[in-house]
Amino acid sequence: DNLAHRQTGDTRSQLRFLEQLDRLEKRRKEEEERETLLRIAKSRSNREDPELLRLKQKAKEMQQLELAQTQQRDANLTALAAIGPRKKRPLESQGYGSGNEVENVFTLTASPGACCGFG
């Protein structure tokens, strides 16, 4: 009926869909909690309710964490912009540690008795 939701027999697709639903639900709950905390932080209650004070402190910590994350993300983007695009080295110039060491190994073969002068 609904084109957005169709039944599938592919287990991986089903798992990805369920994981995506879980992520969306988690994000929605986190956003609701964030909004609630922000509302509480902005409220001007005169009474000194310990639970309200604890929630205000949690909201303040959350805002500080978000600010720190934003600053860190901005700093990372600035650093990446200053460094420039990443360049991949060609396979030939990777040198030692590239797994090409086997090419430099050679094998000695001798005929039976060639060693020690017999034969």
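Parameters at a glance
Residues numbered from 1 in each chain as written. Predicted model: local features only at pLDDT ≥ 70, side-chain atom pairs only at ≥ 80, totals over all residues. Heavy atoms only, no water. Helix = DSSP H or I, 4+ residues; strand = E, 2+ residues; numbered from the N terminus. Buried < 20%, exposed > 50% of the residue type's maximum accessible area, 1.4 Å probe, protein only. Areas by Shrake-Rupley, 256 points an atom, 1.4 Å probe, with all protein chains shown as cover. Axes fitted to C-alpha atoms, helices over the stretch in contact; angles between N-to-C directions. Left-handed = near helix turned anticlockwise from the far one by under 90°. Contact = heavy atoms within 4.5 Å. pLDDT = per-residue confidence, 0-100. Core = buried A, V, L, I, M, F, W, Y, C linked by side-chain atoms within 4.5 Å. Salt bridge = Lys/Arg side-chain N within 4 Å of Asp/Glu carboxyl O. Expected span 1.5 Å × (residues − 1).

Draft legend 1. Structural view of the overall build of the protein chain. Along its length, the protein chain carries 2 helices and 0 strands. Per-residue burial over the protein chain gives 6% buried out of 119 residues. When the accessible surface of the protein chain is totalled, it reaches about 11600 Å², and 54% of it is carbon and sulfur.

Draft legend 2. Quick peek at the packing of helix α1 (residues 11-42) against helix α2 (residues 50-83). Close contact between α1 and α2 brings their axes to 8 Å; oriented N to C, the two are set at 115 degrees. At the point where α1 passes α2, the crossing takes the left-handed sense. Residue-level contacts link Glu33, Arg34, Leu37, Leu38, Ile40 and Ala41 of α1 to Leu52, Leu55, Lys56, Lys58, Ala59, Met62, Gln63 and Glu66 of α2.

Draft legend 3. A look at the confidence of the model for the protein chain. On average, residues of the protein chain carry a pLDDT of 76, and 67% of them reach 70 or more. Long-range and interchain partners of residues 100-107, a stretch whose pLDDT sits below 50, account for 3 contacts in this model, where long-range means more than four residues apart.

Draft legend 4. How the structure looks around the nonpolar core. The biggest cluster of nonpolar side chains holds 7 residues, and these are Leu37, Leu38, Ile40, Leu52, Leu55, Ala59 and Met62. Elements supplying a minimum of two residues to this core: α1 and α2. Broken down by element, the residue count for this core peaks at 4 residues, all from α2. Sequence-distant contacts of leucine 37, defined by excluding residues within four places in its chain, comprise Leu55, Lys58, Ala59 and Met62.

Draft legend 5. Region of the structure containing the pattern of salt bridges. This model, assessed by the stated rule, comprises 7 salt bridges. Of the charged contacts, one joins glutamate 25 and arginine 28 as a salt bridge, the two residues approaching to 2.4 Å between their closest N and O atoms. Of this pair, glutamate 25 and arginine 28 both sit in helix α1, 3 residues apart, which is roughly one turn of that helix. You can call glutamate 25 partly exposed: its relative accessible area is 33%. When the shortest N-O distance is used, the salt bridge between arginine 28 and glutamate 32 registers 2.4 Å. In this pair, arginine 28 and glutamate 32 are both assigned in helix α1, 4 residues apart and thus about one turn of the helix distant. Look at arginine 28 and you get partly exposed, because its relative accessible area is 40%. If you follow the salt bridges from partner to partner, you end up with Glu31, Arg34, Glu35 and Glu66 in one network.

Draft legend 6. Broad picture of the environment of leucine 53. Along the chain, leucine 53 turns up in helix α2. C-alpha separation for the pair leucine 53 and isoleucine 40, spaced 13 residues apart in sequence, amounts to 9.2 Å.

Draft legend 7. Region of interest: α1. Its 32 residues place the ends of α1 46 Å apart at the C-alpha level, agreeing with the 46 Å of an ideal helix rising 1.5 Å per residue. Check the buried side of α1 and you find it contacts α2.

Draft legend 8. Up close: α2. Over its 34 residues, α2 extends 49 Å from the first C-alpha to the last, a length consistent with the 50 Å expected when each residue adds 1.5 Å. Leu52, Leu55, Ala59 and Met62 are the residues of α2 that are buried. Count one or two residues on from α2 and you reach glycine 84, which has phi positive near 100 degrees.

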